[in-house]
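Coordinate inspection notes
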Amino acid sequence: MVRAEGVRKHFGRLEVLKGIDLTVERGQVCCLLGPSGSGKSTFLRCINHLERIDGGRLCVDGEPVGHRRHGDRLHELREREVAERRRDIGMVFQRFNLFPHMTALENITEAPVRVGGTSRADAREQALLLLEEVGLRDRAHHYPAQLSGGQQQRVAIARALAMRPKVMLFDEPTSALDPELVGDVLDVMRRLAADGMTMVVVTHEIGFAREVGDTAVFMDEGVVVEAGDPARVLAEPEQERTRAFLSKVL
Ligand code: ADP
Ligand code: MG
């Protein structure tokens, strides 16, 4: 579903991704760990067309990000085509980024109605089911300010799911939450994984990575230091840099 080969990205002189290789199979959960500044968010943003890569190859569901195949040549996508591709990718950020002037329900129906061409009635029905799934059916008409951080994040997940994405990207979805609210959000993600969603999750929740992740990838300074079975990478890392990092977050 996601394949990166030698992906490079720099901002001016700063090399942020120095040749990332990573594969996420359909239905798998890849947990991405690493110190602040190692390039994790930038990598997710590349997958989601928010940054353009400077080298290497990056494909989502077999299609090169930002390009369209034409014979054996690649054509750059037009803005409208990028928007279409991005609908297949759901993203959840550390800060929940809900529209503050819309209720939970309206936040979820906005994209399907406006860009997905779904009727308002169908979008509403679908949104109520999604709210049910994230345990917030009774909060449908609440505004973000009336919800806890954990509830807002669950609405944000429901909103991303409303476009029926092929892959979900999570960028430290629980890092901004009070500790007692983390569990409910992780539970929703755990269920999503069990339902077969392909997920790339940047997280420092080692327990989640170990339990839910099919692979764990440890990144540092723009390179993949170590990757593999979470039980091994997180319990018996081979690399000193991985060990040093884990001893800090555990
Ligand atoms: P992480 O998510 O692992 O903490 P990031 O991908 O956010 O790391 O950042 C990696 C590096 O890239 C950092 O040094 C950050 O300051 C830099 N960076 C990220 N985005 C930009 C940008 N738009 N312009 C310049 N530098 C950036
Ligand atoms: Mg980040």
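Residues numbered from 1 in each chain as written. Chains lettered and ligands numbered in written order. Predicted model: local features only at pLDDT ≥ 70, side-chain atom pairs only at ≥ 80, totals over all residues. Heavy atoms only, no water.

1. Some words on the overall build of the protein chain
From N to C terminus, the protein chain includes nine helices and twelve strands. For the protein chain, whose C-alpha radius of gyration is 18 Å, the value lies close to the compact-globule estimate of 18 Å for 250 residues. Seen through its C-alpha atoms, the protein chain measures out along the principal axes to roughly 50 × 50 × 35 Å. In the protein chain, which comprises 250 residues, the proportion classed as buried is 49%. Considering only intrachain contacts with a sequence separation of at least 6, the fraction spanning at least 24 residues in the protein chain is 62%. When the accessible surface of the protein chain is totalled, it reaches about 12,600 Å², and 45% of it is carbon and sulfur. (Helix = DSSP H or I, 4+ residues; strand = E, 2+ residues; numbered from the N terminus. Rg over C-alpha atoms; globule rule 2.2 N^0.38 Å. Buried < 20%, exposed > 50% of the residue type's maximum accessible area, 1.4 Å probe, protein only. Contact = heavy atoms within 4.5 Å. Areas by Shrake-Rupley, 256 points an atom, 1.4 Å probe, with all protein chains shown as cover.)

2. Focus on the pairing of strand β2 (residues 14-24)
Direction of pairing for strand β1 (residues 2-11) relative to β2: antiparallel, over a ladder of eight bridges. Within β2, the residue paired with A4 across the bridge is L22. Counting the residues between successive antiparallel strands, the hairpin from β1 to β2 contains two residues, one of them, G12, with a positive phi of roughly 60°. (Pairing = 2+ DSSP bridges.)

3. Observations regarding the UniProt feature "domain: ABC transporter" (unreviewed entry) in the protein chain
As recorded in UniProt, the feature "domain: ABC transporter" (unreviewed entry) lies at residues 2-246. Secondary structure across residues 2-246 comprises 37% helix and 28% strand; the distance between its end C-alpha atoms is 26 Å. (UniProt positions renumbered as here; feature names shortened; annotations may be inferred.)

4. A closer look at the side chain of R159
Its place among the elements puts R159 in helix α5 (residues 149-161). When residues no more than four places from it in sequence are discounted, the contact partners of R159 are F96, N97, L98, F99, N107 and I108.

5. A word on the sheet that holds strand β8 (residues 89-92)
Ordered in space as β8-β9-β10-β3-β11-β12, the six strands form an open sheet in which the pairing is mixed. Strands with a single pairing partner mark the edges of an open sheet, and in this sheet they are β8 and β12 (223-228). Taken over all neighbouring pairs, the strand axes of this sheet differ in orientation by 15° on average, direction set aside. In the sheet, strand β11 (residues 215-220) pairs with β12 via five bridges, with the strands oriented antiparallel. For M219, the partnering residue across the bridge sits in β12 and is V224. The sheet contacts of helix α6 (residues 179-194) involve β3 (29-33), β9 (167-171) and β10 (198-202), and relative to β10 the element is tilted by about 150°. (Axes fitted to C-alpha atoms, helices over the stretch in contact; angles between N-to-C directions.)

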